[in-house]
Amino acid sequence: MLIVIELSDSEIVVRIGAGKDPDAEAEFCRRMGPRIRLYGLRHLHDQHAADDLMQQVLMTTLLALRESRLRETEKLASFVLGTCRMTVMDQRRGTQRREQLREAWGADLPPTVIFASPQLDHDSLTRCVQSLKERERAVVILTFYDEEAGPDAARMLGVSEANVRVIRHRAIDQLRECMGVKR
């Protein structure tokens, strides 16, 4: 039978301040995370911004609690709310500063040139990968498609890590040539 003991805010603050207590920190995040996110949704009107706010405020508050900077332990919720408010104000101030700089200096900036990225011919690439020797194809597939690290690919293929790099380099050159890409 599992016995769950509900900690008060004061007990959480004291336990986190006394040293690394992962259970108290997890309880703090579980309890305050949804409140912070709700604050973010209400004031920022954006889910992603609210998630970012929650993460930033949790980290800032955890660091403050670990350093025992909260003097009145029973006012944890007020401390978190104040941290939310100050973080949102800092974000807005930064946005306003960027806008002011853009207005003041934006006309002097050269226009941004956006280069169109070349379109990849997937059929040709498939044909070129299939034309590689079996070992070269295996290295290309393991490192680029399966996203295996060099040492892992080397272990799977029974070759050295340096050999995987050489095989991959040569295979890429062959793929460039097959696709008609100039270096």
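This structure is a prediction, so every number in the text was calculated from the model and none was measured.

K.L.:
I keep staring at the layout of surface pockets and nothing clicks. Help me out?
P.N.:
Over the atoms rolls a probe the size of a water molecule, and its path tells where empty space is left. Each pocket or cavity is described by its volume, and for the largest pocket that value is around 270 Å³. Lining of the largest pocket is provided by Gln119, Leu120, Leu125, Val129, Val140, Phe144, Tyr145, Ile172, Leu175, Arg176, Met179 and Val181. For the lining of the largest pocket, the secondary-structure elements that each account for two or more residues are helix H5 (122-131), helix H6 (134-145) and helix H8 (161-179). Looking at the lining of the largest pocket element by element, the count peaks at four residues for H8. Residues belonging to the lining of the largest pocket are distributed by class as follows: ten nonpolar, one polar and one charged.

K.L.:
Mind showing me how you'd approach the nonpolar core here?
P.N.:
Most often, soluble globular proteins have nonpolar side chains that are buried together. Core analysis: the largest hydrophobic core is formed by 20 residues, its most contacted members being Phe28, Ile36, Leu76 and Val80. When contributions to this core are tallied by element, the ones reaching two or more residues are helix H1 (9-18), helix H2 (22-44), helix H3 (47-66) and helix H4 (76-105). Among residues more than four places away in sequence, those in contact with Ile36 are Leu53, Met54, Val57, Leu58, Val80 and Cys84. Leu125, Cys128, Val129 and Val140 belong to the second-largest nonpolar core, a separate cluster that totals seven residues.

K.L.:
Teacher, can you tell me more about the confidence of the model for the protein chain here?
P.N.:
Caution is warranted with low-pLDDT regions, since their predicted coordinates should not be read in detail. Counting all residues, the mean pLDDT for the protein chain is 89, and 97% of those residues have values of 70 or more. Of all helices and strands in the protein chain, the one with the weakest mean pLDDT is helix H7 (residues 150-157) (88), whereas H3 scores best (95).

K.L.:
Would you take a moment to explain the environment of Glu72 for this structure?
P.N.:
Checked against the element boundaries, Glu72 lands in the loop between H3 and H4. Taking the C-alpha atoms as reference, Glu72 lies 8.3 Å from Ser10; in sequence the two are 62 residues apart.

K.L.:
Would you take a moment to explain unusual backbone geometry for this structure?
P.N.:
With the exception of glycine, most residues fall at negative phi, and the peptide bonds are largely trans. With a phi angle near 60°, His45 is a residue other than glycine that sits in the positive phi range. The backbone of Glu147 sits at a positive phi, close to 55°, despite the residue not being glycine. The residue Glu147 is located in the loop between H6 and H7 in this model.

K.L.:
I would appreciate a short explanation of the pattern of salt bridges in the present structure.
P.N.:
If the charged atoms of two oppositely charged side chains come close together, the side chains can form a pair. Using the criterion set out here, one finds 14 salt bridges in the structure. One salt bridge connects Asp9 with Arg31, and the closest N-O pair in it is separated by 2.7 Å. With Asp9 in helix H1 and Arg31 in helix H2, the pair connects residues that are 22 residues apart, well separated along the chain. Given the relative accessible area of 13%, Arg31 is considered buried. Residue Arg69 is joined to Glu67 by a salt bridge in which the shortest nitrogen-to-oxygen separation is 2.7 Å. Using a relative accessible area of 45% as the deciding quantity, one classes Arg69 as partly exposed.

K.L.:
I would appreciate a short explanation of H7 in the present structure.
P.N.:
An α-helix turns once every 3.6 residues. As a result, residues three or four positions apart point the same way. Every buried residue of H7 is listed here: Gly150, Ala153 and Ala154. End-on, the buried residues of H7 take up no more than an arc of 100°, which puts them together on one face. Looking at the packing, one finds that the buried side of H7 touches H6 and H8.

The rules behind these values
Residues numbered from 1 in each chain as written. Predicted model: local features only at pLDDT ≥ 70, side-chain atom pairs only at ≥ 80, totals over all residues. Heavy atoms only, no water. 1 Å grid on protein atoms, 1.4 Å probe; cavity = no way out; pocket = protein on both sides within 12 Å on 5 of 7 lines; lining within 4 Å. Points joined across faces, edges and corners; volume = space filled by probe spheres on them. Helix = DSSP H or I, 4+ residues; strand = E, 2+ residues; numbered from the N terminus. Nonpolar A, V, L, I, M, F, W, Y, C, P; charged D, E, K, R; others polar. Core = buried A, V, L, I, M, F, W, Y, C linked by side-chain atoms within 4.5 Å. Buried < 20%, exposed > 50% of the residue type's maximum accessible area, 1.4 Å probe, protein only. Contact = heavy atoms within 4.5 Å. pLDDT = per-residue confidence, 0-100. Salt bridge = Lys/Arg side-chain N within 4 Å of Asp/Glu carboxyl O. Arc of directions from axis to C-beta.

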